[in-house]
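Single-letter residue listing:
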Amino acid sequence: MSSNKDPEKSAPVDDGGTETSPDVGKEELERRQAPWWVIVRVIIVLGLLYAFICSLDLMGSAFKLLGGKEAGEVFSQDHVISNPVAGLVIGVLVTVLLQSSSTSTSIIVTMVAADLLTVNQAVPIVMGANIGTSVTSTIVAIGQIQDKTMYERAFAAATMHDMFNLLCVAIMLPLEWITGFLTKLSKEIVGVMNVTPNEDAEVELLSRITDPLMDRVVLVNKTFIKEISKDKDVGSDERVLKIYAQDWKKWVKAVNASGNLTELPSDRQHCEALFCDWEHSDKAAGGLLLTIALVVMFICLFFIVKVLNSIFSGHIAKIVNKFVNKGFPGKFQKLDFLIGYFAILVGCGMTILVQSSSIFTSTLTPLVGLNIIGIERAFPMVLGSNIGTTVTGLLAALASDKNFEQALQISMCHLLFNIIGILIWYPIPVMRRIPLGCARHLGKTTRKYKWFAVVYIFIVFVMFPGIVFALSLAGEVYVAVFCCLLILFGLVITAMKLLQRYAPSVLPNKLKNFKFLPKGLRSLEPYHNAGITFLNLCRPKSRKISQRCGLEDNISDKVLVNLEKEKIIESKLSKGAAVLTGVKKKNNDEVIVQAEEVNPASANLGYDQNE
């Protein structure tokens, strides 16, 4: 394969990893980097970021309207929640439906305080809530689909949160099931704490900025969801969409206190939100709001990426990269390991301020996509956000008027789960590479097959939890058999992969790779080609898509990388350097590298190739 394209004449890439158009002149670049123009664009980004955060808030409200009632009803299934695995997937499903781990953990704490759940039953649900909260940032990553390199980075950044939570659950759920170590440890800690209930405990910052706008659009009746989860009776005209200014429970108390028992619900004062007079179903309102939220979110993401690309170029990109992604200079390099722990504190503090790990990680994802923040630097910040999000549960526990110690204990379980997870997967570099490696692999897969992100979200956050929940309704035996088969399958695949890599001589020739399996069981290419074939049936002949478009894209990238290698080799040869082995020159326009396949964009992905 040959290529006439000169890499030096392609769009130049500055040190910050953002591309600069070859048509941009020197005067234009100087104008872009003028202080007044940078300030204007920063103000534009802040406005777009505010709209982006509001869209995430609106999306959360939309999901609550679409599935809030069902989520509350799921919590009332006592016979299902008693199974730890079922409790785990319930936590995932409820958090996905509510689009907020803060809301789901608050409901769990409230149910523990009301004696509707024991601490042992609540721990797996909290673990599931930790997994479900990362779906928002994964959806946000799809907003950068227009650029394959940014898409790969963004999806890797989003899924490293998933991988960390899944790996923590894989270790700690069985241990908690067998030993109850989180329950026992949290009980001991609460026993030595001298804390009293405080109904006014709250930390608000971001909500004070966004609520004045969002409360004018739609209000969600969170009290209704909590009452449904407790399997309690609510007013006949109550719904998830908040219609009245005063909650039903408080209104009934006020009516009883006044002695005016003839007052009707219609006499209650309506709220002032745009949707308070909505006459259709909650789900219709949720569907409309979800559509609006997704459109606004992707539009904001598109312009945020464009404006940030123009800001972080040239000298500004170098300054930001040195400040954010580099370590200590000179003799202080030995202290570089402390930067990660400082990033954990930053992630924790920012999440406490915005009261939502979803908002923090969703804002971080496009920054990683733009290579403003490297994935290694973003990882500890995400871990810190996991700790920060537990504050909501602690505040809900402090506001409990009964069973205060049990409510505080489950909140402490949530905190300990995240701290122990960080101690397992972060301090030791070898362990750290596991979640990061999994996330990078998913990012590379998404770069090649752009549709994979949607399939991943559906399987991880909807299909798999849905299957386990359906089996749990049939009985615990079915769940146990399904999980055992899944674990056995995973162990067999892992063992074969390890043997193929480290001891291939002990395996028969047929098992030294997975080529004995049908291609559909070892590659996504058949599904990709089938999808392209289906799309081509609906397209005119002039607009048909090549089935190998993803592969050709990778090949062209490889050619560019190989051309760069050829230039380096020629440069070294001209200086009398030794000839690099494993590289052959062919027809003066192609280089074939006899080595392990190189990721074509790895040099510009913020990845460490040594990991």
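Residues numbered from 1 in each chain as written. Predicted model: local features only at pLDDT ≥ 70, side-chain atom pairs only at ≥ 80, totals over all residues. Heavy atoms only, no water.

## So, the overall build of the chain
This is how it is decided: Think of it this way: any DSSP run of H or I at least four residues long counts as a helix, any run of E at least two long counts as a strand, and we number them from the N terminus. For every residue, the accessible area obtained with a 1.4 Å probe (protein chains only) is divided by the maximum for its type, and the residue is called buried under 20%, exposed over 50%, and partly exposed between those limits. By the convention used here, residues are in contact when the closest approach between their heavy atoms is within 4.5 Å. What sets the accessible areas is the Shrake-Rupley method with a 1.4 Å probe; for residues, cover comes only from the shown protein chains.
A count of helical and extended segments in the chain gives 24 helices and two strands. Split into buried and exposed, the 611 residues of the chain put 45% on the buried side. Here the analysis covers contacts within the chain between residues at least 6 apart in sequence; of these, 74% occur between residues at least 24 apart. Accessible area of the chain: about 31500 Å², with a carbon and sulfur share of 63%.

## Points about the side chain of Ser357
Stated precisely, the cut-off is as follows: Here a polar contact is recorded for every N or O atom pair within 3.5 Å, except that within protein the pair must consist of a potential hydrogen donor and a potential acceptor, and residues adjacent in sequence are included only if both atoms are side-chain atoms.
As for its placement among the helices and strands, Ser357 is situated in helix 16 (residues 357–369). Taking relative accessible area as the criterion, Ser357 reaches 1% and is therefore assigned buried. A polar side-chain atom of Ser357 sits 3.3 Å from a polar atom in the side chain of Thr133. Not counting the four nearest positions on each side in its chain, Ser357 is found in contact with Ser101, Thr133, Thr351, Ser385 and Thr389.

## Side note on helix 20 (residues 429–448)
Cut-off, in case you're wondering: Here, expected helix span is obtained from the residue count minus one, scaled by 1.5 Å. A residue's bend is simply the angle between two axes: one fitted to the seven residues ending at it, one to the seven starting at it.
Taking 1.5 Å of rise per residue, the 20 residues of helix 20 would be expected to cover 28 Å, and the 28 Å separating its terminal C-alpha atoms lies within 8% of that figure. Of all the bends in helix 20, the largest measures some 25° and sits at Pro435. Three or more residues of helix 20 are buried, namely Pro435, Leu436, Ala439, Arg440, Leu442, Gly443, Thr445, Thr446 and Arg447.

## A word on unusual backbone geometry
Despite not being glycine, Asn371 shows a phi value in the positive range, around 65°. You can see Asn371 is positioned in the loop between helix 16 and helix 17 (375–388). Here Asn371 falls in the buried class, since its relative accessible area comes to 11%.

## Considerations on the packing of helix 17 against helix 19 (residues 404–425)
Going by this rule: Fitting a line to C-alpha atoms yields each axis, with helices limited to the stretch in contact; the angle taken between N-to-C directions then spans 0 to 180 degrees. Roughly parallel means an angle under 35 degrees; roughly antiparallel, over 145; roughly perpendicular, 65 to 115; everything else is oblique. The hand of a helix crossing depends on one turn: near helix anticlockwise from the far one by less than a right angle means left-handed, and clockwise means right-handed.
Their axes nearest at 8 Å, the elements helix 17 and helix 19 cross at an angle of 160°. Put simply, helix 17 runs roughly antiparallel to helix 19. The two elements helix 17 and helix 19 cross, and the hand of that crossing is left-handed. Across the interface between the two elements, Phe379, Leu383, Asn386 and Ile387 of helix 17 pack against Leu415, Asn418, Ile419, Ile422 and Trp425 of helix 19.

## A short note on the environment of Asp211
Within the secondary structure, Asp211 sits in helix 10 (residues 206–214). Judged by its relative accessible area of 28%, Asp211 is partly exposed. Counting along the chain gives 154 residues from Asp211 to Asp57, while the straight-line C-alpha distance between them is 9.2 Å.

## So, the environment of Lys242
Looking at the element boundaries, Lys242 is found in the loop between helix 11 (222–229) and helix 12 (248–258). On the basis of relative accessibility, which here comes to 17%, the residue Lys242 falls in the buried class. Taking the C-alpha atoms as reference, Lys242 lies 9.7 Å from Asp282; in sequence the two are 40 residues apart.

## So, a nonpolar patch on the surface
Note the cut-off: Exposure above 30% relative accessible area and the absence of a salt bridge qualify a residue for a patch, where like charges join within 9 Å and nonpolar side chains (Val, Leu, Ile, Met, Phe, Trp, Tyr) within 5 Å. A pair is scored as a salt bridge if a Lys or Arg side-chain nitrogen falls within 4 Å of a carboxyl oxygen belonging to Asp or Glu.
A cluster of nonpolar side chains, contributed by Trp451, Val455, Phe458, Ile459, Val462, Met463, Phe464, Ile467, Leu486 and Tyr527, occupies part of the molecular surface with about 810 Å² of accessible area. Ranked by residues supplied to the nonpolar patch, first place goes to helix 21 (residues 452–474) with seven residues. Assignment of secondary structure puts Val462 in helix 21. The exposure class of Val462 is partly exposed, given its relative accessible area of 37%.

## Quick word on the pattern of salt bridges
Enumeration according to the criterion identifies three salt bridges in this entry. In this structure, the salt-bridge partner of Arg447 is Glu152, at a minimum N-O distance of 3.3 Å. Of the two residues, Arg447 sits in helix 20 while Glu152 sits in helix 8 (residues 148–179), which places them 295 residues apart along the sequence. What makes Arg447 buried here is its relative accessible area of 7%. Arg440 is the salt-bridge partner of Glu376, the closest N and O atoms lying 2.1 Å from each other. Pair noted here: Glu376 is in helix 17 and Arg440 is in helix 20, with a separation of 64 residues, a long-range link. You can call Glu376 partly exposed: its relative accessible area is 24%. Overall, the relative accessible area of 6% leaves Arg440 in the buried class.

## A few points about the confidence of the model for the chain
Heads up, the rule is: pLDDT measures the predictor's confidence residue by residue and takes values from 0 up to 100.
Scored by pLDDT, the chain has a mean of 75; 68% of the residues are at 70 or more. Note that residues 549–561 has pLDDT below 50 and, in this model, 18 contacts with residues that lie over four places away or in other chains. Overall, residues 572–611 carries pLDDT values under 50, and its contacts beyond four positions in sequence, including any with other chains, amount to 62 contacts.

## Points about the packing of aromatic side chains
Using the following cut-off: Geometry of aromatic contacts follows a simple scheme: Phe, Tyr and Trp rings, the Trp one being its six-membered ring, pair when their centres are within 6.5 Å, and the pair is stacked under 30 degrees between planes, edge-to-face over 60, tilted otherwise.
All told, the structure shown has ten aromatic pairs when counted by the stated rule. With a centroid separation of 5.2 Å and 85° between ring planes, the pair formed by Phe302 and Phe303 is classed as edge-to-face. When the centroid spacing of 6.3 Å and the interplanar angle of 35° are considered together, the rings of Phe514 and Phe516 count as tilted. Using a relative accessible area of 17% as the deciding quantity, one classes Phe514 as buried. A connected cluster of aromatic rings, assembled from ring pairs, spans Phe155, Phe452, Tyr456 and Phe461.

## Section: helix 6 (residues 119–132)
Taking 1.5 Å of rise per residue, 14 residues should cover 20 Å, and helix 6 covers 20 Å from first to last C-alpha, within 8% of that figure. For helix 6, the set of buried residues is Val119, Ala122, Val123, Pro124, Ile125, Val126, Met127, Gly128, Ala129, Asn130, Ile131 and Gly132.

## Here's the deal with the packing of helix 8 against helix 20
For the record, the criterion: Side-chain classes follow a simple rule in which Ala, Val, Leu, Ile, Met, Phe, Trp, Tyr, Cys and Pro form the nonpolar group, Asp, Glu, Lys and Arg form the charged group, and the remainder, Gly included, forms the polar group.
As a packed pair, helix 8 and helix 20 sit with axes 7 Å apart at the nearest point and diverge in direction by 140°. Relative to helix 20, helix 8 is oriented oblique. The way helix 8 lies across helix 20 gives a crossing that is right-handed. Residues Lys148, Thr149, Tyr151, Glu152, Phe155, Ala156, Thr159, Met160, Met163, Phe164 and Leu167 of helix 8 pack against Ile434, Pro435, Leu436, Cys438, Ala439, Arg440, Leu442, Gly443, Lys444, Thr446 and Arg447 of helix 20. Looking at the contact of helix 8 with helix 20, its residues break down into 13 nonpolar, four polar and five charged.

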